[in-house]
Amino acid sequence: MINKIIPSLEEAVADIHDGATVMIGGFGNAGMPAALIDALIAQGARDLTIVNNNAGNGDTGLAALLKARQVRKIICSFPRQVDSHVFDGLYRAGEIELELTPQGNLAERIRAAGAGIGGFFTPTGYGTLLAEGKETRLINGRHYVLESPIHADFALIKALRGDRWGNLVYRKTARNFGPIMAMAAKCAIAQVSEIVELGELDPENIVTPGIFVQRVVKQEAA
Amino acid sequence: MKRLSRNEMAARVARDIHEGAYVNLGIGLPTLVANHLPQDREIFLHSENGLLGMGPAPAPGEEDEDLINAGKQPVTLLTGGCYFHHADSFAMMRGGHLDVCVLGAFQVSATGDLANWHTGAPDAIPAVGGAMDLALGAKQVYVMMEHLTKGGESKVVAHCTYPLTGIGCVSRIYTDLAVLDVTPDGLAVREILSDISFEELQQLTGVPLLRAA
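Everything numeric here is computed off the predicted structure, so don't read it as measured data.

1. Topic: the interface of chain B and chain A
Part 1: With 35 residues of chain B in contact, the opposing surface of chain A contributes 43 residues.
Part 2: Taking both partners together, chain B and chain A bury about 3,300 Å²; carbon and sulfur atoms supply 63% of that area.
Part 3: Sorting the residues of chain B by area buried against chain A places Asp66, Arg94 and Ile125 of chain B first, and these three jointly supply 22% of that buried surface.
Part 4: Linking chain B with chain A are three salt bridges, by the criterion used here.
Part 5: Between Asp66 of chain B and Arg171 of chain A there is a salt bridge whose closest N-O contact spans 2.9 Å.
Part 6: Linking chain B to chain A there are 18 residue pairs in polar contact (both at pLDDT 80 or more).
Part 7: Of all the secondary structure elements, the ones that give two or more residues to the side of chain B that touches chain A are helix H2 (86-94) and helix H3 (131-135) of chain B.
Part 8: For the side of chain B that touches chain A, the residue count by class is 18 nonpolar, nine polar and eight charged.

2. With respect to the confidence of the model for chain B
Part 1: Scored by pLDDT, chain B has a mean of 96; 100% of the residues are at 70 or more.
Part 2: Among the scores for the predicted complex, ipTM is 0.95 and pTM is 0.96.

3. A closer look at the sheet that holds strand S3 (residues 51-55) of chain B
Residues and elements named next belong to chain B.
Part 1: Pairing is mixed across the open sheet formed by ten strands, whose spatial order is S4-S3-S2-S1-S5-S8-S10-S11-S12-S13. A strand with exactly one partner marks an edge of an open sheet, and here the two such strands are strand S4 (76-83) and strand S13 (209-211). Pairwise comparison of adjacent strand axes, ignoring direction, gives a mean angle of 30 degrees for this sheet.
Part 2: Lying on the sheet, helix H1 (residues 6-15) is in contact with strand S5 (100-103), strand S8 (140-144), strand S10 (172-174), strand S11 (178-183) and strand S12 (186-192); it crosses S8 at an angle near 165 degrees.

4. With respect to helix H4 (residues 85-92) of chain A
All names here are of chain A.
Part 1: All of the buried residues along H4 are Val86, Phe87, Asp88 and Leu90.
Part 2: Contacts from the buried residues of H4 go to helix H3 (62-67), strand S3 (71-76) and strand S4 (97-100).
Part 3: At the C-terminal side of H4, Gly94 shows a positive phi close to 70 degrees.

5. Some thoughts on the side chain of Lys73 of chain A
Residue and element names in this part refer to chain A.
Part 1: With respect to the helices and strands, Lys73 occurs in strand S3.
Part 2: At a separation of 3.1 Å, a polar atom in the side chain of Lys73 contacts the side chain of Glu99.
Part 3: Those residues in contact with Lys73 that lie beyond four places of it in its chain are Leu48, Thr49, Ile50, Ile96, Glu97 and Glu99.

6. Notes on the pattern of salt bridges
Part 1: Summed over all chains, the structure comprises 26 salt bridges over all chains.
Part 2: Across the salt bridge formed by Glu147 of chain A and Lys134 of chain A, the nearest N and O atoms sit 3.0 Å from each other. Highlighted residues: Glu147 of chain A in strand S7 (residues 142-147) and Lys134 of chain A in the loop between strand S5 (120-122) and strand S6 (136-139), separated in sequence by 13 residues.
Part 3: Overall, Glu147 of chain A belongs to the buried group, its relative accessible area being 4%.
Part 4: When its relative accessible area of 31% is taken as the criterion, Lys134 of chain A is described as partly exposed.
Part 5: Salt-bridge contacts for Arg171 of chain A lead to Asp64 of chain B; the nearest nitrogen and oxygen are separated by 2.5 Å. Remark: Asp64 of chain B occurs in the loop between S3 and S4 and Arg171 of chain A occurs in the loop between strand S9 (168-169) and helix H6 (178-184); the pair is interchain, linking two chains.
Part 6: When its relative accessible area of 29% is taken as the criterion, Arg171 of chain A is described as partly exposed.
Part 7: Salt bridges linked by common partners bring Asp47, Arg72, Lys73, Glu97, Glu99, Arg109, Lys134 and Glu147 of chain A together as one network.

7. Digging into unusual backbone geometry
Residues and elements named next belong to chain A.
Part 1: Although it is not a glycine, Arg69 sits at a positive phi angle of roughly 60 degrees.
Part 2: Take Arg69: it is sitting in the loop between H3 and S3.
Part 3: Notably, Asn140 is not glycine yet its phi reads approximately 50 degrees, a positive angle.
Part 4: Examined against the element boundaries, Asn140 turns out to sit in the loop between S6 and S7.
Part 5: For Asn140, a relative accessible area of 81% corresponds to the exposed category.

8. Examining the pairing of S11 of chain B
Residues and elements named next belong to chain B.
Part 1: In this sheet, S11 lies alongside S10 in antiparallel orientation, the contact comprising three bridges. Looking at the pairing, Arg172 lines up with Asp181 of S11.
Part 2: Where S10 hands over to S11, the hairpin turn is made up of three residues, counted between the paired strands.
Part 3: The pairing of S11 with S12 spans six bridges and is antiparallel. Paired with Val182 across the strands is Leu187, a residue of S12.

What counts, and where the lines are drawn
Residues numbered from 1 in each chain as written. Chains lettered and ligands numbered in written order. Predicted model: local features only at pLDDT ≥ 70, side-chain atom pairs only at ≥ 80, totals over all residues. Heavy atoms only, no water. Contact = heavy atoms within 4.5 Å. Buried area = accessible area lost by both parts, 1.4 Å probe. Salt bridge = Lys/Arg side-chain N within 4 Å of Asp/Glu carboxyl O. Polar contact = N/O pair within 3.5 Å; in protein donor to acceptor, adjacent residues only side chain to side chain. Helix = DSSP H or I, 4+ residues; strand = E, 2+ residues; numbered from the N terminus. Nonpolar A, V, L, I, M, F, W, Y, C, P; charged D, E, K, R; others polar. pLDDT = per-residue confidence, 0-100. Pairing = 2+ DSSP bridges. Axes fitted to C-alpha atoms, helices over the stretch in contact; angles between N-to-C directions. Buried < 20%, exposed > 50% of the residue type's maximum accessible area, 1.4 Å probe, protein only.

Dropping the structure here:
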């Protein structure tokens, strides 16, 4: 019997290794897998490359992971926020590397990795600082920049419900990066509010098919 | 010299958004446009974090942390609205499916170049978010900004001195003094919103202006 349900958060993140690339879902706090991040902090893997839209808010979640000095590099679109003081301090001290990418390019680079695309030409960023040094091409009269996929070893995402085959549905705008990060990682780990029996999720409305998900863990698990 | 207030600017932009339009309103000044959309038109607001059919802010106590806009503020969903993931959301923009984006700006050039993401200050922590995607993200890209900086310099310029967000991407500029169309021949004055003459507007503006056809 296939059962992707992991009994504890601790087990769900146990094999995240030093130096791993880890995608973390969420846009601000919506969709941020706080329970999995806390488990990763407790687990202690270091030298991580993190992929997220932001670089942490306040002192919890992703900000706490940064504060624990577990992150070497962050790939994101919008690190600077009113409450991004943890990132700001590390960045100004030269203790974290930043790869800044426009938000839509970030999403498409993640999607491309999950879809087996080796790179793509996008108009976004052409002629700007963020396209410096990148290959460009004129296609049908429009300028494009070559962007590369972002693959990850692990994805930590938050969903509303999941079943033992890894099928997921999300809640409102907390969906944001979850579905594409699940596709782009070798091992996608979903924290869910509720675990349901097979068949309880309407097959017409499953947002992330279980093929993209390796582990499901209840967010209140140990 | 009369200058439009921020709300008057928003009302002026709102008047030009047609029935059935799919619209993204950028963070800051453009957000005000939502408060002025004509009640008798059905207009679809898109927020790039993943919703279409965005409604107004919820009543106090009704906020839902899973239902936010691109500015991370609590919002509501209109009946008929929907949610989607980030790659689909930016496909709606990049793929040319939106009708209008309204953006704020530091500077716009006579050829429609946009600078709105970075002041160029060497010690600034860079953050771009969806700015570069939005700049190319709709059939019409409208900019809303004060005509002049606090120091009295024109924000409409021959060439942007701030780092660019996009090249030749702006279709129309709404300022507190005028509405300017970006045309192949240059910037055309579509409407003067102040009590000044064309010549006075020209004097305040950093590039040659064309009289409306």
